[in-house]
Amino acid sequence: MHAAQQLLALEAREGEFYQPDDDEWAAIEQGLAQARRGEFASADEIAALLSPSRG
């Protein structure tokens, strides 16, 4: 199961099915294509995104 499908399944369990809009689907498809190409964020990139000093 793809990550996007898992997120949709989790949302459905809350009683309301989430339907992404066209822009969200495009972002999901872009992310899946990147994953298929082996393009993943490094641990340092993720840590920087989660850093409280960001932004």
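Conventions we followed
- Residues numbered from 1 in each chain as written.
- Predicted model: local features only at pLDDT ≥ 70, side-chain atom pairs only at ≥ 80, totals over all residues.
- Heavy atoms only, no water.
- Helix = DSSP H or I, 4+ residues; strand = E, 2+ residues; numbered from the N terminus.
- Buried < 20%, exposed > 50% of the residue type's maximum accessible area, 1.4 Å probe, protein only.
- Areas by Shrake-Rupley, 256 points an atom, 1.4 Å probe, with all protein chains shown as cover.
- Salt bridge = Lys/Arg side-chain N within 4 Å of Asp/Glu carboxyl O.
- Patch = residues over 30% accessible without salt bridge, like charges linked within 9 Å, V, L, I, M, F, W, Y side chains within 5 Å.
- Lys, Arg positive; Asp, Glu negative; His and termini not counted.
- Charge placed at Lys NZ, Arg CZ, Asp CG, Glu CD.

Enquirer: So, the overall build of the protein: which residues are in play, and what are the values?
Expert: Summing up its helical and strand segments, the protein has three helices and zero strands in all. Going residue by residue from the N terminus, the α and β elements of the protein occur as α-α-α. Relative to its 55 residues, the protein shows a buried fraction of 7%. Surface summary for the protein: the accessible area is close to 4900 Å², and the carbon and sulfur share equals 54%.

Enquirer: I'd like a description of the pattern of salt bridges, backed by residues and values.
Expert: One pass over the structure, following the stated rule, counts one salt bridge. With a closest N to O distance of 2.8 Å, arginine 37 and glutamate 39 form a salt bridge. For arginine 37, a relative accessible area of 53% corresponds to the exposed category.

Enquirer: How would you explain a nonpolar patch on the surface if you had to name every residue and give the values?
Expert: A surface patch of nonpolar side chains, amounting to about 320 Å² of accessible area, comprises Ile46, Leu49 and Leu50. Within the secondary structure layout, leucine 50 lies in helix H3 (residues 43–50). Residue leucine 50 is classed as exposed on the basis of its relative accessible area of 68%.

Enquirer: Got a sec to walk through a negative patch on the surface? Specific residues and values, please.
Expert: The grouping of Asp21, Asp22, Asp23 and Glu24 at the surface amounts to a negative patch. By the secondary structure assignment, glutamate 24 is in helix H2 (residues 22–36).

Enquirer: Outline the environment of leucine 7, supporting the account with residue identities and numerical values.
Expert: Within the fold, leucine 7 resides in helix H1 (residues 3–13). With a relative accessible area of 58%, leucine 7 lands in the exposed category. When the C-alpha positions of leucine 7 and tyrosine 18 are compared, they lie 9.2 Å apart, and in sequence the two are eleven residues distant.

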